[in-house]
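Each chain, written out:
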Amino acid sequence: MQPNTLLNRVARDQLPPHMQEAWDKAQAMHGDTTFVEVAGNNPRMYDWYLQDFYAKVFYGGGIDRQIVELVRLRLANIHGCAFCNRSDRAAALAAGLDEAKLDALSDYENGPFSDAEKAVLALADVMVLTNPKGEITPPLYERLKQHFTDGDLYELGIMMAVLCGMAKFIFAFDLVEKEDYCPFIPEAATGT
């Protein structure tokens with residue numbers, strides 16, 4: 001389902017040069033530039049998201065890149081963000097993850113994942129927007145602490161909170177294409 005935002009879209013030629021480049025990449029990968037065009041209303045916040053969250057936390061933190069890419073793609077898969085699924089899959093492959101793992105995400109407990117990957121994917125299932133009562137249980141914590149320090153878990157939790165919060169934002173503001181199975185498509189759009 002293509003986005004149909006109510007917010008003003010800033011034309012490509014009115015965007016700062018770095019956002020024009022992002023517009024070009026979004027057009028090439030997704031055929032849709034809504035997210036970048038709406039972000040053009042506030043380039044400072046767009047830059048914060050890319051420079052402070054992605055550069056400093058997501059890619060600049062202490063967690064292995066393959067782990068964070070798996071987590072991000074798992075969240076996108078469950079949330080049903082078509083835009084994110086395409087981008088995150090490409091980033092996961094670029095990080096060295098293989099197609100077999102990415103294709104097995106929906107049944108990761110039985111897939112070709114390490115114990116650490118399975119544990120962190122279970123944590124993603126706790127954090128996902130569709131699990132409003134999710135919490136780290138003692139058995140999950142025991143699994144996680146075999147591979148991650150409490151500091152790592154804190155970092156992963158904040159990272160997933162930002163990703164889930166952004167998912168809610170982009171869905172509520174209708175900024176990205178959604179998969180047909182997305183649980184966040186408004187009822188008015190589905191005709192139910």
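Thresholds, definitions, all that
Residues numbered from 1 in each chain as written. Predicted model: local features only at pLDDT ≥ 70, side-chain atom pairs only at ≥ 80, totals over all residues. Heavy atoms only, no water. Core = buried A, V, L, I, M, F, W, Y, C linked by side-chain atoms within 4.5 Å. Buried < 20%, exposed > 50% of the residue type's maximum accessible area, 1.4 Å probe, protein only. Helix = DSSP H or I, 4+ residues; strand = E, 2+ residues; numbered from the N terminus. Contact = heavy atoms within 4.5 Å. Axes fitted to C-alpha atoms, helices over the stretch in contact; angles between N-to-C directions. Parallel < 35°, antiparallel > 145°, perpendicular 65-115°, else oblique. Left-handed = near helix turned anticlockwise from the far one by under 90°. Nonpolar A, V, L, I, M, F, W, Y, C, P; charged D, E, K, R; others polar. Salt bridge = Lys/Arg side-chain N within 4 Å of Asp/Glu carboxyl O.

**Student:** What is the right way to look at the nonpolar core in this model?
**Tutor:** Grouped burial of nonpolar side chains is what soluble globular proteins tend to show. Phe35, Val36, Leu75, Phe148, Leu156, Ile170 and Val176 are the most contacted members of the largest nonpolar core, which totals 59 residues. Mapped onto this core, the elements with two or more residues apiece are α1 (17–30), α2 (34–39), α3 (43–58), α4 (65–79), α5 (82–94), α7 (115–127), α8 (138–145) and α9 (150–172). It is α9 that contributes the most residues to this core, ten residues altogether. When residues no more than four places from it in sequence are discounted, the contact partners of Ile170 are Phe35, Cys81, Cys84, Leu175 and Val176.

**Student:** Explanation requested: the environment of Val126 in the structure shown.
**Tutor:** In this structure, Val126 sits in helix α7. By relative accessible area, which is 14% here, Val126 ends up buried. For the pair formed by Val126 and Arg74, sequence separation is 52 residues and the distance between their alpha carbons is 11 Å. Dropping the residues within four chain positions of it, Val126 is found in contact with Asn131, Gly134, Glu135, Ile136 and Leu140.

**Student:** Looking at this model, I keep getting lost on the packing of α1 against α3. Mind explaining?
**Tutor:** Two numbers describe a pair of packed helices, the interaxial angle and the distance between the axes. Where α1 contacts α3, the axes come no closer than 11 Å and their chain directions differ by 65°. Classified by the interaxial angle, the pair formed by α1 and α3 is roughly perpendicular. Viewed along their axes, α1 and α3 form a crossing whose handedness is left-handed. From α1, His18, Met19 and Ala22 reach across to α3, where they touch Pro43, Tyr46 and Asp47. Of the residues in the contact of α1 with α3, the class split is four nonpolar, one polar and one charged.

**Student:** Mind showing me how you'd approach the pattern of salt bridges here?
**Tutor:** Pairing of side chains with opposite charge becomes possible as their charged atoms draw close. For the structure shown, the criterion picks out 15 salt bridges. A salt bridge links Arg86 to Glu177; its shortest N-O distance comes to 2.7 Å. You can see Arg86 sitting in helix α5 and its partner Glu177 sitting in the loop between α9 and α10 (187–190), a full 91 residues away along the chain. Judged by relative accessible area, which is 31%, Arg86 ranks as partly exposed. Residue classification places Glu177 among the buried positions, given a relative accessible area of 17%. Here Lys101 and Glu117 are joined by a salt bridge, their closest N and O atoms 2.9 Å apart.

**Student:** When you look at the packing of α7 against α8 in this model, what are you seeing that I'm missing?
**Tutor:** One way to put it is that α7 packs onto α8 with a least axis distance of 8 Å and a crossing angle of 140°. With respect to each other, α7 and α8 are oriented oblique. Judged by the twist between their axes, the crossing of α7 over α8 is left-handed. Packed against α7, whose contacting residues are Lys118, Ala119, Val120, Ala122, Leu123 and Val126, the element α8 presents Leu140, Arg143 and Leu144 at the interface. Taken together, the residues that form the contact of α7 with α8 break down as seven nonpolar, no polar and two charged.

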